[in-house]
Amino acid sequence: MNKARLVLTMLAGLLIFGFAACSDETPGADTGDRVFQIGVAQITAHPALDAARDGFVAALEYYGVEAQFDFQNPLGDRDALSAIADRFVNNDVDLILAIATPTVQTMFAATDTIPIVGSAITTYVGAGVVESNERPGTNVTGASDLNPIRDQIGMILEFVPDLQTLGIAYASSESNSVYQANFAADYAESRGLTVVRSSVTAVAEVHQNMLNLADSVDAIWLPTDNTHADAMPIVGQVSIETGVPNFPGENNMTMGGGVATISLDYFDLGWESGRMARDILINGQDPAEMPIRFGMDLDLEYFVNGSMAELIGIPVPQQFHPYIWWGDED
C-alpha cells in the first residue's frame, strides 16, 4: 500500500489527562508455566476495531505473556454481546479486552471483579464505566481513541477555505459519537462556522440522512462511531453524488469513502491496551488505579484519499500531497 504518513509530536497539554508512566519496556515476561485466559470481544468487524484487536495480541506476544484468546464478535447484536459477557464470566477468564464503547459497557455490567481493559473507546467516563480518567475506581481501564478533533476541523478549513456551514453526522445511539459531535460542534462554532447536526440510530438511516445534510452544508465531519464506520461506502457515494466532501475521524473510515483526516493508528492503540493488560496480569497492577491512556499521545498521521478527492472534484492543498493514498497498490 502506498500510504504516506506524517508523524507529529503532540504536546502533553493537548489533553488534560495523558498516558500513565510507562513500565519496563523489556520484552519476555517471566510467567513460569502460567497461560492466561483472555476473552476478547468487539461489537462488530471493521478495520479500525480489527487493528486494535491485532495490536493488543501483538503486544502481549512481544512482552512474552502466554495467553489463550477467546475471540468473540456479535456482529452488532447487543443480545449476543450480553451472551458473550456471560460466557467470559462463566469461564472465569483472567482478563477481558473490550473493543468499542458498547462492548465495554456490556462487559462492565456483567462483572465487577474480572479486570477489563478497553480499546477504541472515546470516553470511559461518558460510557459510565469509570469514575475519572485519572483514577478509574472500577475494574475497568484502557486506551481512548479520542482523535484530534480541533486539528481535523482545521484541516477541513484548508481543504474548503470558503467553508461557512459544517455538517456533523453522528450516531445518537452511541455515547462516544454524541460526545465527539458535541466537542466538534463547540469548536467549529468557536471558529465562526455555522453547524448543522444530524443523527442516525442505524446504518439503514445513513443514506437519507447524508443526502438531507448535504443539501444544507459545505462539508461534513463524521466522528469515529461504529454506525458510520460500517456505512462509509454509502457516505462516500453520497459525497460523489452531491459534491459535498466528507471528512471522517480516522483513516480507515477515510479509506472507505472519506476525503481526508488526521488520525491515530488503531494498531498502536491496541498495543497500548496490550501493555496495560501486561501490567495487570504480570505486574499485578489494579485497573482501578491505572489512568486512562489517550491515543492522541501516540503518533498521528495525515491521510488523504486521492480517489475520493478526484471524484468529488475537490483540490488537495499542496501541503497534503505527500499524504495522498490512491488505493491498495504497492
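In this text, all values refer to a predicted model and were calculated from it rather than measured experimentally.

The rules behind the values
Residues numbered from 1 in each chain as written. Predicted model: local features only at pLDDT ≥ 70, side-chain atom pairs only at ≥ 80, totals over all residues. Heavy atoms only, no water. Core = buried A, V, L, I, M, F, W, Y, C linked by side-chain atoms within 4.5 Å. Buried < 20%, exposed > 50% of the residue type's maximum accessible area, 1.4 Å probe, protein only. Contact = heavy atoms within 4.5 Å. Pairing = 2+ DSSP bridges. Helix = DSSP H or I, 4+ residues; strand = E, 2+ residues; numbered from the N terminus. Axes fitted to C-alpha atoms, helices over the stretch in contact; angles between N-to-C directions. Arc of directions from axis to C-beta. Left-handed = near helix turned anticlockwise from the far one by under 90°. Salt bridge = Lys/Arg side-chain N within 4 Å of Asp/Glu carboxyl O. Parallel < 35°, antiparallel > 145°, perpendicular 65-115°, else oblique.

1. Remarks on the nonpolar core
Okay, so step 1: By size, the foremost hydrophobic cluster in this structure holds 84 residues, and its most contacted members are Met107, Phe159 and Phe247.
Okay, so step 2: Dropping the residues within four chain positions of it, phenylalanine 247 is found in contact with Met155, Ile156, Phe159, Val160, Ala219, Ile220, Trp221, Leu222, Val259, Ala260 and Ile314.
Okay, so step 3: Judged by nonpolar contacts, the second largest core, of 16 residues, contains Met210, Leu222, Val235 and Met253.

2. A short note on the sheet that holds strand S7 (residues 194-200)
Okay, so step 1: The strand order S7-S6-S8-S9 describes an open sheet built from four strands, whose pairing is parallel. Every interior strand has two partners, whereas the edge strands, S7 and strand S9 (246-248), have only one. Adjacent strand axes in the sheet meet at a mean angle of 25 degrees, parallel and antiparallel pairs treated alike.
Okay, so step 2: Relative to S7, strand S6 (residues 165-171) is paired through seven bridges, and the arrangement is parallel. Bridge pairing in S7 places glycine 167 opposite valine 196.
Okay, so step 3: Packed on one face of the sheet, helix H5 (residues 175-190) meets S6, S7 and strand S8 (219-222) and runs near 170 degrees to S6.
Okay, so step 4: In this fold helix H6 (residues 206-214) packs onto S6, S7 and S8, with an angle of close to 165 degrees to the strand it touches most, S7.

3. Looking at H6
Okay, so step 1: Inspection of H6 places Val206, Asn209, Met210, Leu213 and Ala214 among the buried residues, and these make up the whole buried set. Seen from one end, H6 has its buried residues packed into an arc of 130 degrees, which puts them on one side.
Okay, so step 2: Of the surrounding secondary structure, the elements contacted by the buried residues of H6 are S6, S7, S8, helix H7 (226-230) and helix H8 (232-242).

4. A few points about the sheet that holds strand S13 (residues 324-325)
Okay, so step 1: Reading across the sheet, the three strands line up as S10-S12-S13 and stay open at both edges, with mixed pairing between neighbours. Both outer strands of the open sheet, strand S10 (260-264) and S13, are each paired with one neighbouring strand and no more.
Okay, so step 2: The pairing of S10 with strand S12 (residues 300-305) spans five bridges and is classified as antiparallel. Counted as the bridge partner of isoleucine 262 is tyrosine 302 from S12.
Okay, so step 3: Helix-sheet contacts for helix H4 (residues 149-159) involve S10 and S12, and the interaxial angle to S10 is about 160 degrees.

5. What to know about the packing of H6 against H8
Okay, so step 1: At a minimum axis distance of 9 Å, the contact between H6 and H8 shows a crossing angle of 35 degrees. In this structure, the crossing between H6 and H8 has a hand that is right-handed. Facing Val206, His207, Met210, Leu211 and Ala214 of H6, the residues of H8 in contact are Ile234, Val235, Val238, Glu241 and Thr242.

6. Regarding the pattern of salt bridges
Okay, so step 1: According to the stated counting rule, one finds nine salt bridges in the structure shown.
Okay, so step 2: The residue arginine 34 makes a salt bridge to aspartate 94 at a minimum N-O spacing of 2.8 Å. Taken as a pair, arginine 34 in the segment before strand S1 (36-42) and aspartate 94 in the loop between helix H2 (78-90) and strand S3 (95-99) lie far apart in primary sequence, 60 residues in all.
Okay, so step 3: Classification of arginine 34 as partly exposed rests on a relative accessible area of 41%.
Okay, so step 4: For arginine 87, the salt bridge is made with aspartate 70, and the minimal N-O distance between the two is 2.6 Å. With arginine 87 in helix H2 and aspartate 70 in strand S2 (residues 67-72), this residue pair connects regions lying 17 residues apart in the sequence.
Okay, so step 5: Judged by its relative accessible area of 39%, arginine 87 falls in the partly exposed class.
Okay, so step 6: A residue is classified by how much of its surface remains accessible, and aspartate 70, at 17% relative accessible area, is buried.
Okay, so step 7: Here the residues in one salt-bridge network are Glu272, Arg275, Arg278, Asp279 and Arg293, joined through shared partners.

7. Notes on the packing of H2 against helix H3 (residues 101-110)
Okay, so step 1: H3 packs onto H2 with a crossing angle of 45 degrees between their chain directions and a minimal axis gap of 9 Å. Between H2 and H3, the interaxial angle falls into the category oblique. H2 and H3 meet at a crossing whose hand is right-handed. Contact with H2, carried on its side by Arg78, Leu81, Ser82, Ile84, Ala85, Phe88 and Val89, involves Pro102, Thr103, Thr106, Met107 and Ala110 of H3 and no other residues of that element.

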